[in-house]
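Secondary and tertiary structure notes
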Amino acid sequence: MKYIYEEKIFVGSSSKSIFRLMTFIINWWRTIPCQILYVFSSKKDLIISDFGSYSNMVRTLVFAKHNRNLFYHRIGRKSILYSWILSGDKSIKLPFSCSLGKHVHFVHNDSCHLNAKSIGDDFICYPHVVIGAKNLYCSGKPIIGNNVTIGTGAVIVGNIVIGDNVRIGANSFVCQNIPSDSNVFGNPAIIKSINIK
């Protein structure tokens, strides 16, 4: 009985591996327009900063829909012409008007609206984050500094500046300027400075 049980596990594992390999091969062909645009892009350094290497970029485009959005944003508006071949995650909104620094990382991302004026280097974003204008009549958007991490469900709105080295906790509501080297949490937001030596 034990031998049969182990054999079933092996069969299931190999069939999953074969399915994953077939998915990779099919979707790899769909990444060819992305690979061609990458080769001729003037933003190769920015793109590689997000993915680490060319091979990792291709693997990520095949398996991670949310990172396709980041790739298409890096390429620019011309990505609209071919992004339908290998679509990104429709629940993540990343407007072309938002300038992004190097090393942007989405962690298990889903349902994000990142409509900031600019986002600095080393940005980490968790799911369900909203960044944008305070209301329909106020067009001011946040400016986010370098080395900022935003937790799940955080809302950042208004014409505000988030400094460098800031951590914004899950489900925080931020509508005021945040100084550099701070931890922010709660609704309304409570700001605690970090002692950096």
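The preceding data block contains the structure.
Residues numbered from 1 in each chain as written. Predicted model: local features only at pLDDT ≥ 70, side-chain atom pairs only at ≥ 80, totals over all residues. Heavy atoms only, no water.

1. Remarks on the packing of aromatic side chains
One pass over the structure, following the stated rule, counts four aromatic pairs. Residues W28 and W29 carry aromatic rings whose centres are separated by 5.2 Å and whose planes lie at 80 degrees to one another, so their mutual orientation is edge-to-face. Overall, W28 belongs to the partly exposed group, its relative accessible area being 29%. Ring geometry for Y72 against Y82: centres 5.7 Å apart, planes inclined by 75 degrees, an arrangement best described as edge-to-face. On the criterion of sequence distance, the pair formed by Y72 in helix α5 (residues 65-75) and Y82 in the loop between α5 and β1 (92-93) is long-range, its members being 10 residues apart. You'll find Y72 and Y82 in the same group, each marked buried. Joined through ring pairs, the aromatic side chains of F71, Y72 and Y82 make up one cluster. (Phe/Tyr/Trp six-rings, centres within 6.5 Å; stacked < 30°, edge-to-face > 60°. Buried < 20%, exposed > 50% of the residue type's maximum accessible area, 1.4 Å probe, protein only. Helix = DSSP H or I, 4+ residues; strand = E, 2+ residues; numbered from the N terminus.)

2. Some words on the sheet that holds strand β10 (residues 155-157)
Taken together, the five strands give an open sheet; going across it, the order is β1-β4-β7-β10-β13, and neighbouring strands pair in parallel fashion. Either end of the sheet is taken by a strand with one partner, and the two such strands are β1 and β13 (173-174). (Pairing = 2+ DSSP bridges.)

3. Section: a positive patch on the surface
On the surface, R30, K65, K90 and K93 cluster together into a positively charged patch. By the secondary structure assignment, K90 is in the loop between α5 and β1. (Patch = residues over 30% accessible without salt bridge, like charges linked within 9 Å, V, L, I, M, F, W, Y side chains within 5 Å. Areas by Shrake-Rupley, 256 points an atom, 1.4 Å probe, with all protein chains shown as cover. Salt bridge = Lys/Arg side-chain N within 4 Å of Asp/Glu carboxyl O. Lys, Arg positive; Asp, Glu negative; His and termini not counted. Charge placed at Lys NZ, Arg CZ, Asp CG, Glu CD.)

4. Quick notes on the state of the cysteines
Overall, the coordinates contain zero disulfides when judged by the stated rule. Counting only cysteine sulfurs, C125 is the nearest neighbor of C98, a cysteine outside any disulfide, at a range of 11 Å. C125 supplies the cysteine sulfur nearest to C112, a cysteine that is in no disulfide, at a spacing of 4.1 Å. (Disulfide = S-S within 2.5 Å.)

5. Some thoughts on the nonpolar core
Side chains that are nonpolar tend, in soluble globular proteins, to be buried together. Ranked by size, the top nonpolar core spans 27 residues in total, and within it F123, I150 and I162 carry the most contacts. Mapped by element, the contributors of at least two residues to this core are β3 (104-106), β4 (112-114), β6 (123-125), β9 (148-150) and β12 (166-168). When residues no more than four places from it in sequence are discounted, the contact partners of F123 are H103, V104, H105, L114, I131, I144, V148 and I150. One finds I47, M57, F71 and Y82 within the second-largest nonpolar core, a separate group that totals 12 residues. (Core = buried A, V, L, I, M, F, W, Y, C linked by side-chain atoms within 4.5 Å. Contact = heavy atoms within 4.5 Å.)

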